[in-house]
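Understanding the architecture of this molecule
Chain by chain, the residues:
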Amino acid sequence: MMCGSLWYDGRSRFVYPAAMSQPPFQVQLASSRETAEADDRLLARITFGPVTGSDADDPRRIQVGLPALLDGPDSELWHTDAPVTRGWRDDIGFAHTDRLLFARIHLPDSSDAAAAAREAYARLLDFHRSMGYPALLRIWNYFDRLLAPAGDSGLDRYQAFCAGRHDALEAAGLDAAALPAATAIGTDSPGFLVYLLAAREAGDPIENPRQVSAYRYPPDYGPRSPTFSRATLKDWPSGAHLYISGTASIVGHASRHEGDVRAQVDEIIDNLEALIGNVSRGHGLDTLAGPGDLSLIKVYVKHARDLEAVHERIRARIGTYPAMLFLHGDICRRELLVEIEGLYA
Ligand code: 3EB
């Protein structure tokens, strides 16, 4: 029996129709050693650690060469509210529901970081648009030797990546006002991996009041600015999601606290609080008051020896709830020792 937008479930409760009430996806941490997840509603499974290639045929399964620094979960499971269609097209792996597209590409040859970024982005941008999910929400970039010189260009590979990404986004006509949230981290496994989440309709790009927008960084940091927003706020019928980019100890555009990993974590948490405050004030997300209300944070630590210090500051400032992954990866400026991304879903 239908009653306005509510359904009566035949027993005792009124419930919203599934497409209205369910979040389009939710993320859960798991261990890759025990993976008996229900398959038909799984959009993606991202496993961090040694890349074994054992998942090569299922497009939803990705291995990222970033070792987990704590015992426990090493995988993200992205569960959806609806059946998932999956496949491969020209080496792009994808999975989608009617509302959400996950797509990934891995280029084995990442020797030219600018060329790899240009190619991966050109192909992914073409793909998600042709599939009918033109709104980029969130992108992750993982590749090897992040800070090594890019040939004899005078740039490092992160700066070269930024140039290639910039070219591809510009060629696709994406303007600064529509950039997705992003992460870019250095791995210890060869190749260039990009995966993304896209939707039918755009979210709102969010900037951080404590930071210069990355796409407006002065040229000191590279000839082409990093093209991402600090977060994407996406309104779903079930409520808003917030996808927070990798956040570093940067205020304005300058790195802070060189050599002091604890102070870098504190600065990052100040940045996250400012960003979240900006969102909840301006956009009415009242159930998200601070980093402790996030569903998941991922902490990228440059030196494994800093794990304990980073962990201690996070426990002191945020507590033990959001689910957390601590991953060993390289950060895109030499002096940056830690970076944190967040998900509210
Ligand atoms: C920063 O704020 C730190 O190039 O996609 C964070 C998140 C950083 C994403 C990217 C870079 C990127 O500039 C680095």
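Up top you'll find the structure we're talking about.
Basis of the calculations
Residues numbered from 1 in each chain as written. Predicted model: local features only at pLDDT ≥ 70, side-chain atom pairs only at ≥ 80, totals over all residues. Heavy atoms only, no water. Helix = DSSP H or I, 4+ residues; strand = E, 2+ residues; numbered from the N terminus. Buried < 20%, exposed > 50% of the residue type's maximum accessible area, 1.4 Å probe, protein only. Salt bridge = Lys/Arg side-chain N within 4 Å of Asp/Glu carboxyl O. Pairing = 2+ DSSP bridges. Phe/Tyr/Trp six-rings, centres within 6.5 Å; stacked < 30°, edge-to-face > 60°. Contact = heavy atoms within 4.5 Å. Polar contact = N/O pair within 3.5 Å; in protein donor to acceptor, adjacent residues only side chain to side chain.

**Topic: unusual backbone geometry**
Glycine aside, the phi torsion of most residues is negative, and most peptide linkages are trans. Unlike most non-glycine residues, Arg145 shows phi in positive territory, near 50 degrees. As for its placement among the helices and strands, Arg145 is situated in the loop between strand E11 (135-144) and helix H3 (157-171). Among the residues examined, Arg145 registers a relative accessible area of 46% and is labelled partly exposed. Positive phi values are uncommon outside glycine, yet His257 reaches one of about 65 degrees.

**Section: the pattern of salt bridges**
For the structure shown, the criterion picks out 22 salt bridges. Asp58 is paired through a salt bridge with Arg60; the nearest N and O atoms lie 2.9 Å apart. Under the relative-accessibility criterion, Asp58 is labelled buried at 11%. Looking at Arg60, the relative accessible area reads 1%, which means it is buried. Here Glu273 makes a salt bridge to Arg317, at a shortest N to O gap of 3.4 Å.

**Let's talk about the pairing of strand E8 (residues 85-89)**
Regular strands show a simple pattern: their side chains alternate between the two faces of the sheet. Two strands pair when backbone bridges link them, and E8 and strand E9 (residues 92-96) are joined in this way by five bridges, in the antiparallel orientation. Bridging across to E9, Arg89 finds its partner in Ile92. In textbook terms, the turn of a hairpin is the stretch between consecutive antiparallel strands, and for E8 and E9 this stretch comprises two residues, one of which, Asp90, has a positive phi near 50 degrees.

**Focus on the packing of aromatic side chains**
One pass over the full model with this rule turns up 15 aromatic pairs. Relative to Tyr195, the ring of Tyr142 lies with its centre 6.1 Å away and its plane at 35 degrees, an arrangement referred to as tilted. Of this pair, Tyr142 sits in strand E11 while Tyr195 sits in strand E13 (residues 192-199), and the two are 53 residues apart along the sequence. The class of Tyr142 is buried, set by a relative accessible area of 1%. We classify Tyr195 as buried; its relative accessible area is 0%. With a centroid separation of 6.4 Å and an interplanar angle of 50 degrees, the aromatic rings of Tyr142 and Tyr300 are classed as tilted. Placement of Tyr142 in strand E11 and of Tyr300 in strand E19 (residues 296-301) is noted, with a sequence separation of 158 residues between them. For the pair formed by Tyr142 and Tyr300, the shared burial category is buried. Of the aromatic side chains, those joined through ring pairs into one cluster are Phe25, Trp78, Phe102, Trp140, Tyr142, Tyr195, Tyr243 and Tyr300.

**Description of the environment of His257**
Considering the arrangement of structural elements, one finds His257 in the loop between strand E18 (254-255) and helix H4 (261-283). Here the alpha-carbon distance between His257 and Glu267, two residues 10 residues apart in the chain, equals 8.5 Å. Residues within four places of His257 in sequence aside, it is in contact with Ser249, Ala263, Gln264 and Glu267. A distance of 2.6 Å separates the side chain of His257 from the side chain of Glu267, its partner in a polar contact.

Shape descriptors only; they carry no functional weight alone.
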